[in-house]
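Secondary and tertiary structure notes
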Amino acid sequence: MAFTFVITGIVMGLIFGFAIEKSRVFEPGMMVGLFQFRNLTVLKVFLSAIATSMVVISVLNILGLVDPGPKAAVYPATIAGGLIFGAGVALAGGCPTTLPAQIGAGYKDAWAVLAGGVFGAVIYGYFEPLLSGLNQGPGKITIPQSLGLPFWALGFPVAIIIAIFLAVLERRRPWKSEMGKNYNGDF
């Protein structure tokens, strides 16, 4: 069972890493462009990854290999953390997912982002007991459990909805128009 998770993780990581590199979403300008609503390529790539993951996890759920369980819903901590994380991504032009690609591509600023992430994790670790008041919420809840359905019963429809949204978005804002004239790598 654990071997299956490792192999699945490696395969999905390789596919996602390939997509990140080929789509160039690791470039800081692409991330900033998303937050300025100038370039939706990052949104398209990450929604594609979510839809793909939903299908893979749903299939693994049907086969009985995985039973996805959520972390506890803690709204104050999630909102505060999301705001801090989002501000950091917008300011740095990168996120933990794109950081290894930025370092590999030679972006020197990426090392500062990595150091900031490690520093933030250490600071959180020290102050976590003081922040425990933010960890209040309804606990581990999911929409499928609330509806009495298995994960896959909503996983496939959500993936289809995302795919339809992406098709409409791509039709209105084609990726080639957002990448510029050098989208194929020719300079």
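Computed from a predicted model, the values in this text were never measured in an experiment. (Residues numbered from 1 in each chain as written. Predicted model: local features only at pLDDT ≥ 70, side-chain atom pairs only at ≥ 80, totals over all residues. Heavy atoms only, no water.)

1. Some details on the overall build of the protein
Just so we agree on the cut-off: The way it works is that DSSP assigns letters per residue, a run of H or I at least four long becomes a helix, a run of E at least two long becomes a strand, and they are numbered from the N terminus. Any two residues whose heavy atoms approach within 4.5 Å at even a single point are treated as in contact. Here the positive residues are Lys and Arg and the negative ones are Asp and Glu; neither His nor the chain ends is included. By convention, charge coordinates are those of NZ in Lys, CZ in Arg, CG in Asp, or CD in Glu.
If you tally the helices and strands in the protein, you get nine helices and zero strands. In sequence order, the protein lays out its α and β elements as α-α-α-α-α-α-α-α-α. The C-alpha extent of the protein, read off along each of the three principal axes, is 55 × 40 × 35 Å. Considering only contacts in the protein between residues 6 or more positions apart, those separated by 24 or more positions represent 70%. One way to put it: in the protein the 12 positive side-chain charges average out to a point 7 Å from where the 8 negative ones average out.

2. Regarding the nonpolar core
Which entries qualify depends on this criterion: As used in this record, nonpolar core signifies buried Ala, Val, Leu, Ile, Met, Phe, Trp, Tyr and Cys residues forming a set joined through side-chain atoms within 4.5 Å. For every residue, the accessible area obtained with a 1.4 Å probe (protein chains only) is divided by the maximum for its type, and the residue is called buried under 20%, exposed over 50%, and partly exposed between those limits.
Formed by I20, V25, F26, M30, M31, L34, L40, V42, V45, V89, C95 and L169, the largest nonpolar core amounts to 12 residues. No other element matches helix 2 (residues 28-35), which puts three residues into this core. Discounting residues that sit within four places of it in the chain, M30 has contacts with S23, R24, V25, N39, T41, V42 and M179. By size, the runner-up hydrophobic cluster in this structure holds six residues, among which are A51, M54, I162 and L166.

3. Observations regarding the pattern of salt bridges
Short version of the rule: A side-chain nitrogen of Lys or Arg and a carboxyl oxygen of Asp or Glu constitute a salt bridge if their distance falls within 4 Å.
For the structure shown, the criterion picks out four salt bridges. Between E21 and R24 there is a salt bridge; the shortest N-O distance is 2.8 Å. The partner of E170 in a salt bridge is K44, with the nearest N and O atoms 2.9 Å apart. Of this pair, E170 sits in helix 8 (residues 151-172) while K44 sits in helix 3 (residues 41-62); the two residues are 126 residues apart in sequence, bridging distant segments of the chain. On the basis of relative accessible area, E170 is assigned to the partly exposed category, the value being 25%. One continuous salt-bridge network, built from bridges that share partners, spans E21, K22, R24 and E27.

4. Some thoughts on the packing of helix 2 against helix 4 (residues 75-92)
The condition is simple: Helix axes are fitted to C-alpha atoms over the stretch in contact, other axes to C-alpha atoms as well, and angles between N-to-C directions run from 0 to 180 degrees. Roughly parallel refers to an angle under 35 degrees, roughly antiparallel to one over 145, roughly perpendicular to one between 65 and 115, and oblique to any angle outside these ranges. Under the scheme applied, nonpolar residues are Ala, Val, Leu, Ile, Met, Phe, Trp, Tyr, Cys and Pro; charged residues are Asp, Glu, Lys and Arg; polar residues are all the others, including Gly.
For the pair helix 2 and helix 4, interaxial distance at closest approach is 8 Å and the crossing angle is 125°. By the angle between their axes, helix 2 is oblique relative to helix 4. In this structure, helix 2 contributes P28, M31, V32 and F35 to the contact, and helix 4 contributes G86, V89, A90 and A92. A class-by-class count of the residues in the contact of helix 2 with helix 4 yields seven nonpolar, one polar and no charged.

5. Notes on helix 4
Counted only if it meets this: Expected span of a helix, by definition, is 1.5 Å for each gap between consecutive residues, and there is one gap fewer than residues.
The terminal C-alpha atoms of helix 4, which comprises 18 residues, lie 25 Å apart, in line with the 26 Å expected from a rise of 1.5 Å per residue. One or two positions beyond helix 4, positive phi appears at G93, with a value near 70°.

6. A look at helix 1 (residues 2-23)
Relative to the 32 Å expected for 22 residues at 1.5 Å per residue, helix 1 spans 31 Å between its end C-alpha atoms, a close match to the ideal helical length. Remark: R24 follows helix 1 within two positions and exhibits a positive phi of approximately 65°.

7. Brief notes about the packing of aromatic side chains
Spelled out, the test is: In this analysis, rings of Phe, Tyr and Trp, with Trp reduced to its six-membered ring, are considered paired at centre separations within 6.5 Å, and the interplanar angle assigns stacked below 30 degrees, edge-to-face beyond 60, and tilted for intermediate values.
All chains considered together, the criterion is met by one aromatic pair. When the ring of F26 is compared with that of Y107, the centres are 6.2 Å apart and the planes differ by 70°; the resulting orientation is edge-to-face. Of the two residues, F26 sits in the loop between helix 1 and helix 2 while Y107 sits in the loop between helix 5 (99-105) and helix 6 (109-127), which places them 81 residues apart along the sequence. According to the relative accessible area criterion, F26 is buried, its value standing at 2%.

8. Observations regarding a nonpolar patch on the surface
Stated precisely, the cut-off is as follows: The patches reported here contain residues having more than 30% relative accessible area and no salt bridge. Joining distances are 9 Å for like charges and 5 Å for nonpolar side chains (Val, Leu, Ile, Met, Phe, Trp, Tyr). Surface exposure here means Shrake-Rupley accessible area, sampled with a 1.4 Å probe, where a residue is shielded only by the protein chains that are shown.
Taken together, W111, L114, V118, F119, V122, I123, Y124, Y126, F127, L130, L131 and L134 make up a surface patch of nonpolar side chains, about 1200 Å² in accessible area. Here L134 shows up in the loop between helix 6 and helix 7 (143-147). Owing to a relative accessible area of 33%, L134 belongs among the partly exposed residues under this scheme.

9. As for the side chain of N39
Worth spelling out the cut-off: Counted as a polar contact is a pair of N or O atoms within 3.5 Å, where, for protein atoms, one must be capable of donating a hydrogen and the other of accepting one, and residues adjacent in sequence contribute only when both atoms are in side chains.
For N39, the location among the structural elements is in the loop between helix 2 and helix 3. At a separation of 2.6 Å, a polar atom in the side chain of N39 contacts the side chain of T41. Those residues within four positions of N39 in sequence are excluded, and the remaining contacts are M30, G33, L34, R173 and E178.

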